[in-house]
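# Summary of the model geometry
As a plain string of letters, each chain reads:
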Amino acid sequence: MIVRRPYAYRYSRVMRPLRYSINVTLDGCCDHRVMVADEDLHRHAVENLAQADALLFGRVTYEMMEAAWRPPARTGARPDWMEPFARTIDAAKKYVVSSTLDRVDWNAELVRGDLGKAVQQLKRESGKGLFVAGVKLPLALAELGLIDEYEFVVHPRLAGHGPTLFAGLSKRIDLKLVSRLEFGSGAVAMRYEPRR
């Protein structure tokens with residue numbers, strides 16, 4: 001079994017690391033509606049978010065997260081064990097990459113212009129790190145070589161459909177496993193760093 005190492009020891013303080021995490025089924029589907037949400041996975045997500053100073057979203061992920069997690073939630077709309085995640089994501093600083101939105105709120109600001117330059121600038125700011133989620137934006141960031149850590153939370157489920165991760169990636173990216181964590185549900189979180 002591979003033991004998880006603290007982030008602070010793996011990354012230099014010169015640049016904030018950009019970490020990516022996504023839930024995926026055994027057959028590669030990353031449609032959030034087919035995943036099994038449970039208390040352990042939500043606790044793990046809160047721990048991930050606590051390792052970041054800010055979140056980086058594309059428009060679709062931003063709008064989906066805002067609709068699901070921005071207060072106020074209807075009473076009884078979700079189990080109590082989801083509340084720590086809801087509070088954490090609500091309070092987080094957010095950057096939204098979008099050419100179609102005119103404005104954002106929910107503790108967010110728009111990122112415009114050259115994606116590579118904008119993300120490099122965010123990485124140069126001091127702090128613990130940045131966290132990216134979604135499908136299309138991480139594909140663009142992977143193409144630019146800007147993701148420092150990939151986490152795939154693999155669910156023991158076959159969806160039989162897509163969307164799938166990194167469809168259309170123009171080049172192979174070789175990764176090395178740095179940690180593995182099993183959950184009671186049978187899901188497994190595997191963290192990788194690019195081989196550079």
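Residues numbered from 1 in each chain as written. Predicted model: local features only at pLDDT ≥ 70, side-chain atom pairs only at ≥ 80, totals over all residues. Heavy atoms only, no water.

### A look at the layout of surface pockets
The criterion, for reference: In this analysis the probe radius is 1.4 Å and the grid spacing 1 Å, with only protein atoms considered; a cavity is a set of points the probe fits into but cannot get out of, a pocket is an open set with protein on both sides within 12 Å along at least five of seven lines, and lining residues have an atom within 4 Å of a point. Grid points are joined across faces, edges and corners, and a volume is the space filled by probe spheres set on the points. Each helix corresponds to a stretch of at least 4 residues labelled H or I by DSSP, and each strand to a stretch of at least 2 residues labelled E; elements are numbered beginning at the N terminus. Polarity classes work like this: nonpolar for Ala, Val, Leu, Ile, Met, Phe, Trp, Tyr, Cys and Pro, charged for Asp, Glu, Lys and Arg, and polar for all others, with Gly in that last group.
Put simply, the largest pocket is a space of about 1200 Å³. Around the largest pocket sit 45 residues that line it, and Ile 22, Asn 23, His 32, Met 64 and Met 65 are the ones nearest its centre. Secondary structure elements with two or more residues in the lining of the largest pocket: strand 1 (18–25), helix 2 (39–50), strand 2 (54–58), helix 3 (59–69), helix 4 (83–91), helix 6 (136–143) and strand 6 (149–155). Considering every element that reaches the lining of the largest pocket, the biggest residue donor is helix 3, with seven residues. Among the residues forming the lining of the largest pocket, the class breakdown is 28 nonpolar, 10 polar and seven charged.

### Thoughts on the pattern of salt bridges
Selection rule: Between Lys or Arg on one side and Asp or Glu on the other, a salt bridge is scored when a side-chain nitrogen of the former is within 4 Å of a carboxyl oxygen of the latter. The buried label applies to any residue whose accessible area, calculated with a 1.4 Å probe on protein chains only, is under 20% of its type's maximum; exposed applies above 50%, and partly exposed to all values in between.
This model, assessed by the stated rule, comprises 18 salt bridges. A salt bridge links Asp 53 to Arg 16; the shortest N-O distance between them is 3.4 Å. You can see Asp 53 sitting in the loop between helix 2 and strand 2 and its partner Arg 16 sitting in the loop between helix 1 (7–10) and strand 1, a full 37 residues away along the chain. Classification of Arg 16 by relative accessible area gives buried; the value is 4%.

### Quick notes on the sheet that holds strand 7 (residues 175–182)
Within a sheet, neighbouring strands are paired by backbone hydrogen bonds and run either parallel or antiparallel to one another. For clarity, the threshold we go by: Here, any two strands with at least 2 DSSP bridges between them count as paired. Axis lines are fitted through C-alpha atoms, for helices just across the contact stretch, and the angle between N-to-C directions can take any value from 0 to 180 degrees. The contact definition used throughout considers only heavy atoms, calling two residues in contact when any of these lie within 4.5 Å.
The strand order across the open sheet built from eight strands is 4-3-2-5-1-6-8-7, with neighbouring strands paired in mixed fashion. For this open sheet the edge positions go to strand 4 (108–111) and strand 7, each flanked by a neighbour on one side alone. Ignoring which end each strand starts from, the neighbouring axes of this sheet average 25 degrees apart. Helix 2 rests against strand 1, strand 2, strand 5 (130–132), strand 6, strand 7 and strand 8 (188–194) of the sheet, and its axis sits at about 175 degrees to strand 6. Sheet strands in contact with helix 3 are strand 2, strand 3 (93–97) and strand 4, and its direction is about 115 degrees off that of strand 2.

### Regarding the nonpolar core
The following threshold applies: Note on terminology: a nonpolar core comprises buried Ala, Val, Leu, Ile, Met, Phe, Trp, Tyr and Cys residues joined through side-chain atoms within 4.5 Å.
Membership of the largest hydrophobic core comes to 29 residues, with the highest contact counts inside it found for Leu 18, Leu 56, Leu 141 and Phe 152. Elements with a contribution of two residues or more to this core: strand 1, strand 2, helix 5 (115–124), strand 5, helix 6, strand 6 and strand 8. Core analysis: the second largest hydrophobic core is formed by 20 residues, Ala 52, Trp 69, Phe 85 and Val 96 among them.

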